[in-house]
Amino acid sequence: MFLFGREKGKEDWAELDEIVLNLGQGELEQVIGFLQNVRGKLDQLPADEQEHWHYRDESEEWSEGQPDLILFVEPNLDSHMR
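Residues numbered from 1 in each chain as written. Predicted model: local features only at pLDDT ≥ 70, side-chain atom pairs only at ≥ 80, totals over all residues. Heavy atoms only, no water.

Caption draft 1: Looking closely at the environment of S59. With respect to the element layout, S59 can be found in the loop between α2 (55-58) and β4 (70-73). Separated by 29 residues in the primary sequence, S59 and Q30 place their C-alpha atoms 7.6 Å from one another. Within the structure, the side chain of S59 is placed 3.2 Å from the backbone nitrogen of W62, a separation counted as a polar contact. (Helix = DSSP H or I, 4+ residues; strand = E, 2+ residues; numbered from the N terminus. Polar contact = N/O pair within 3.5 Å; in protein donor to acceptor, adjacent residues only side chain to side chain.)

Structure, rendered in structure tokens:
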């Protein structure tokens, strides 16, 4: 796993050591639902295809100016981590 982020209003990405998700119980349930939806979509992709998903695209409550959670799945990343 690699973590990236950027400051609000800036375009440059930076690799991070840690991230903090500060959210309430309802938001946690929504993020878990998002992750479960992504897991289901992974089963439909070819094994060697990389893909990404945005939380903002699946959240009815997301609005402009709020942070987005982007999940990027790289098929061969697991083997690089060992």
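Caption draft 2: A look at the side chain of H54. Looking at the element boundaries, H54 is found in strand β3 (residues 51-54). Reaching out from H54, the side chain makes a polar contact with the side chain of D68 at a distance of 2.5 Å. Look past the residues within four positions of H54 in its chain and what remains in contact with it is F34, D68, L69 and I70. (Contact = heavy atoms within 4.5 Å.)

Caption draft 3: Inspection of the packing of aromatic side chains at higher detail. Considering all chains together, one arrives at one aromatic pair under this definition. With a centroid separation of 5.5 Å and 80° between ring planes, the pair formed by F34 and Y55 is classed as edge-to-face. Of the two residues, F34 sits in helix α1 (residues 25-42) while Y55 sits in helix α2, which places them 21 residues apart along the sequence. A relative accessible area of 2% means that F34 is categorised as buried. Classification of Y55 by relative accessible area gives buried; the value is 12%. (Phe/Tyr/Trp six-rings, centres within 6.5 Å; stacked < 30°, edge-to-face > 60°. Buried < 20%, exposed > 50% of the residue type's maximum accessible area, 1.4 Å probe, protein only.)

Caption draft 4: Examining the pattern of salt bridges more closely. Evaluated as defined, the whole model comprises five salt bridges. With a shortest N-O distance of 2.9 Å, K41 and E58 are connected by a salt bridge. Here K41 is found in helix α1, whereas its partner E58 is found in helix α2, with 17 residues between them in sequence. Two residues, D68 and R56, come together in a salt bridge whose shortest N-O distance is 3.6 Å. Linking D68 in the loop between α2 and β4 with R56 in helix α2, this pair joins segments that are twelve residues apart in sequence. Here D68 falls in the partly exposed class, since its relative accessible area comes to 25%. For R56, a relative accessible area of 35% puts it in the partly exposed group. (Salt bridge = Lys/Arg side-chain N within 4 Å of Asp/Glu carboxyl O.)

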